[in-house]
Amino acid sequence: MLEGLMAEIDRIVILTGAGISAESGIDTFRSAGGLWEQHRVEDVATPEGFARDPDLVLGFYDMRREALAGVAPNPAHAALARLEREFAGELLLVTQNVDDLHERGGSSRVLHMHGELKSALCTSCGTRSRWEMAMRDRPPCPVCRARTLRPDVVWFGEMPYRMETIYAALEACDLFVSIGTSGAVYPAAGFVAEARANGARTLELNLEPSEGSRLFHETRLGPASIMVPAWVDEVLSPAASG
Ligand SMILES: [Zn+2]
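Residues numbered from 1 in each chain as written. Predicted model: local features only at pLDDT ≥ 70, side-chain atom pairs only at ≥ 80, totals over all residues. Heavy atoms only, no water.

Caption draft 1: Main features of the coordination of the zinc ion. Ligation of the zinc ion by protein atoms is provided by Cys122 (SG), Cys125 (SG), Cys141 (SG) and Cys144 (SG), these donors lying 2.3 to 2.4 Å from the ion. Coordination at the zinc ion comes from four donor atoms whose angles at the metal span 104 to 113°, giving a geometry best classed as tetrahedral. Sequence positions of the residues that donate to the zinc ion give the spacing C-x2-C-x15-C-x2-C. With Cys125 in the loop between β4 (115-122) and β5 (128-130) and Cys144 in the loop between β5 and β6 (149-153), this residue pair connects regions lying 19 residues apart in the sequence. Note on Cys125: relative accessible area 34%, which makes it partly exposed. (Donors = N, O, S within 2.8 Å, 3.2 Å for Na, K, Ca; no water. Tetrahedral: all angles 85-135°; square planar, octahedral: opposite > 155°, others 65-115°. Helix = DSSP H or I, 4+ residues; strand = E, 2+ residues; numbered from the N terminus. Buried < 20%, exposed > 50% of the residue type's maximum accessible area, 1.4 Å probe, protein only.)

Structure representation (structure tokens):
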């Protein structure tokens with residue numbers, strides 16, 4: 001359905017979710033086994049859980065941060081980095097993922113709407129600092145020295161980052177592409193409707209049909225590591241696909 005239209009695409013917004021990281025071996029809270037299975041979401045991914053047991057929560061995110069050293073970006077991440085380098089129009093890459101696989105795959109401009117494992121948020125001064133170390137030993141904030149750092153990850157019940165930027169891009173884009181998202185977590189689940197309301201074409205690349213699949217003009221099913229490079233090829237060589 002989108003074939004032949006790629007030549008007219010000037011502004012693309014891409015949303016990536018857990019599916020693109022899962023292929024690199026990152027534990028997601030919907031996958032069986034791994035870190036999440038030993039914890040309840042309300043214990044480790046809510047402000048209330050953090051207030052109740054900060055040691056548990058800091059330790060949980062320390063483990064997830066440490067686990068990043070054992071995974072590598074896959075061809076889907078590399079393809080999106082290539083798109084950033086070679087696409088002549090405007091591109092906004094928004095991710096729900098808190099890992100650093102897009103950056104390690106070569107993307108330099110990534111909007112992490114749910115924060116990042118490698119970032120610390122100081123609850124005293126509000127500063128967000130690049131962070132590689134553990135937090136369970138309560139290291140001081142690099143700016144105000146208070147020992148009040150928390151993972152800079154948006155928990156359930158908290159507002160995602162930079163929503164104004166995202167909605168402005170959704171209003172202006174001609175193509176919205178959702179990759180590896182469940183379509184179940186708002187506000188991201190509402191992006192497709194927002195883009196469509198403003199006239200954009202919409203494409204979903206997913207391993208299996210999502211809760212939001214019916215909202216897209218087109219859904220292509222398969223592993224992100226196969227589907228994303230193929231789609232990027234199409235965008236970058238519209239004459240060949242049309
Ligand atoms: Zn501080």
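Caption draft 2: Molecular detail of the sheet that holds strand β7 (residues 175-179). Within the open sheet, the six strands sit side by side as β3-β2-β1-β7-β8-β9. Their pairing is parallel. Only two strands of the sheet have a single partner each, and these edge strands are β3 (110-112) and β9 (218-221). Going from strand to strand, the sheet's axes swing by 20° on average, the running direction of each strand aside. In the sheet, strand β1 (residues 11-16) pairs with strand β2 (residues 90-95) via six bridges, with the strands oriented parallel. Within the sheet, the bridge partner assigned to Leu15 lies in β2 and is Val94. (Pairing = 2+ DSSP bridges. Axes fitted to C-alpha atoms, helices over the stretch in contact; angles between N-to-C directions.)

Caption draft 3: View of the packing of aromatic side chains. Here the structure, examined in full by the defined rule, presents five aromatic pairs. Centre to centre, the rings of Phe50 and Trp155 are 5.3 Å apart; their planes meet at 45°, and the pair counts as tilted. Here Phe50, found in helix α3 (residues 47-52), pairs with Trp155, found in the loop between β6 and α7 (163-172); they are 105 residues apart in sequence, far enough to count as distant. Trp155 carries the same exposure label as Phe50, and that label is buried. Every member of this aromatic cluster is reached through a ring pair, and the members are Phe50, Phe60, Tyr61 and Trp155. A cation over a ring is seen here: Arg128 above Tyr161, with NZ or CZ 3.6 Å from the ring centre. Its end group placed over the ring of Trp155, Arg150 keeps NZ or CZ at 3.8 Å from the ring centre. (Phe/Tyr/Trp six-rings, centres within 6.5 Å; stacked < 30°, edge-to-face > 60°. Lys NZ or Arg CZ within 6 Å of the ring centre and 35° of its normal.)

Caption draft 4: Spotlight on the pattern of salt bridges. For the coordinates displayed, the defined rule picks out 18 salt bridges. Among the ionic pairs, Arg40 bridges to Glu42, the shortest N-O distance being 3.5 Å. Judged by its relative accessible area of 47%, Arg40 falls in the partly exposed class. Using a relative accessible area of 40% as the deciding quantity, one classes Glu42 as partly exposed. The salt bridge involving Glu234 is made with Arg220; its shortest N-O contact spans 3.1 Å. Separated by 14 residues along the polypeptide, Glu234 in helix α9 (residues 224-236) and Arg220 in strand β9 bring together distant segments of the chain. Using a relative accessible area of 12% as the deciding quantity, one classes Glu234 as buried. When its relative accessible area of 14% is taken as the criterion, Arg220 is described as buried. Bridged by salt links that share partners, the residues Arg40, Glu42, Asp43 and Arg52 form one connected network. (Salt bridge = Lys/Arg side-chain N within 4 Å of Asp/Glu carboxyl O.)

Such coordinate-based values are descriptive only and should not be taken to indicate function.
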